[in-house]
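Each chain, written out:
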Amino acid sequence: MKCSMCGSNIERPLELYNGRWCCPSCKKDIFPDVDTEFAITPRNRELFVRSEEYYFKWLTSTEESKSTRFKYLDKAVSLCYESAFEYHPSALMRLGYYYERGYADFNTSSAERWRVAYFYYKALLFNTHKGVNAEGGEERFADDLTQIKLQCGEYMQGLLRDIPQELLQKTSFDGYESFDKLRKSVADKITDLGGDAEDLGDVQTRSLADMSSMAYATLRACVDEERAPVFAIFKLQRYECQKLFLESEDGFSVVGNVGRDMVIKIAAAFDDKEIDGRFKDFKSSNALVDYVNDDCPESGVYVCFINWLGGHKYLKKRDRANIVVCLEDNSHAAIKKLIRAGKYNNCVFYDDDFYKFDEGRKGLSKKEVDRFVREVCEEE
């Protein structure tokens, strides 16, 4: 793809913790929006068709092993990303669907996936263009794009019937004063496009999920050789903490990977914004198991990790050292700041998130990591 901001050819954009895309050259946001010009080319069409074939395999392979089936799904999502990065409209819609269903970015919270799916659907439903760029630069496929927009409208109405509790607690969303006004805006757009908007009735809210499942998926991804998480914070109840560290699934044990390259930090929870006491570092499995069994408080804990297992494309050793220094400085002040800003249970940070702040001179500095923490905390 080509960056719409600086014109650089990009093999793959940076994928940030909030689902946005960023150019690795100019560091500008290039996520699709209502002004994006969609394109259908031989390459992105082939990628999307192959993606759909793998998705069909996943849907129809119920007799095959679980690991084989999920390889089909992983391939479908991966190919869909590649097509979507070139702004194929059907791939963008499908990627929103994958986020909504929990098939993409499975180690983020359901509320964050809901939010990302919403912005994919919005970029299509409210897009100002009537057609799609095809070979020769001509805008074509107007009827097809209208149908895609209407399908996204249907998906958005589905989202707005089932809103995560964490988002309903906000006083506004995406510039709308209330979800009722957002629902009306979506319905009006569907009507403008010639579709029939549904009467959504009362909003159904999702209950808060068991966070041990998300934490487990995130920590399991730490050994991924292509793209492993760097850092995340979770607030867990005592039973969730015990489930996370004392149980295993498919032969994978979290505590078995704790060590020099993946450090677990735990502090007792005082409330939803503060810890009680200090963070304790766990660099061995035995110490962690003893804590969880004997000392984990009923009030719950904040658990965070810093991970250098697996693949880290954008971070060199010096960058990693500065990240650790920043997060641990002044009795973990940066981690406490992120907790006060509510950046736990929904944010998993990768190389991409830190590299966005690298100004490209001598690697990622402590000052740049500090700016990363500050901007993440300030984001709505």
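These notes cover the structure that comes with them. Every value quoted in this text rests on a predicted model; they were computed, and no experiment measured them.

Cut-off values and rules
One numbering rule holds for all chains: residues counted from 1, following each sequence as written. Reporting in this predicted model follows two pLDDT cut-offs: at least 70 for local features of residues, and 80 or more for side-chain atom pairs to be given and counted; totals over whole chains, interfaces and linings ignore these cut-offs and use all residues. To obtain the side-chain values, all non-hydrogen atoms of the structure were included, while hydrogens and water were left out. Only runs of H or I of at least four residues qualify as helices and only runs of E of at least two qualify as strands under DSSP, and these elements are numbered from the N terminus. Computation of the radius of gyration draws on C-alpha atoms, with the globule rule given as 2.2 Å multiplied by the number of residues to the power 0.38. Classification of residues uses two cut-offs on accessible area relative to the type maximum, computed with a 1.4 Å probe and protein chains only: under 20% is buried, over 50% is exposed, and between them is partly exposed. Any two residues whose heavy atoms approach within 4.5 Å are treated as being in contact. In what follows, salt bridge is the name for a side-chain nitrogen of Lys or Arg lying within 4 Å of a carboxyl oxygen of Asp or Glu.

Another aspect to go through is the overall build of the chain. Looking only at helices and strands, one finds 13 helices and 11 strands in the chain. Expected size for 380 residues packed as a compact globule is a radius of gyration near 21 Å; at 22 Å, the chain falls within 12% of this value. Overall, the C-alpha framework of the chain stretches about 65 × 50 × 50 Å when taken along its three principal axes. Looking at the chain as a whole, 50% of its 380 residues qualify as buried. Sequence separation of at least 24 residues holds for 71% of the intrachain contacts in the chain that already meet a minimum separation of 6.

What follows covers the pattern of salt bridges. In the structure shown here, the tally under the stated rule is 22 salt bridges. A salt bridge links D272 to K235; its shortest N-O distance comes to 3.4 Å. One end of the pair, D272, is in the loop between β8 (262–269) and β9 (275–282); the other, K235, is in strand β7 (residues 231–236), with 37 residues separating them in the sequence. K235 gets classed as buried once you look at its relative accessible area, which sits at 13%.

If you trace the backbone, F305 turns up in strand β10 (residues 301–307). For the pair formed by F305 and I266, sequence separation is 39 residues and the distance between their alpha carbons is 8.7 Å. In contact with F305, other than residues within four places in its own chain, are T218, L219, C222, P229, V230, F231, A232, F234, V263 and I264.

These results come straight from atomic positions and should not be treated as a statement about function.
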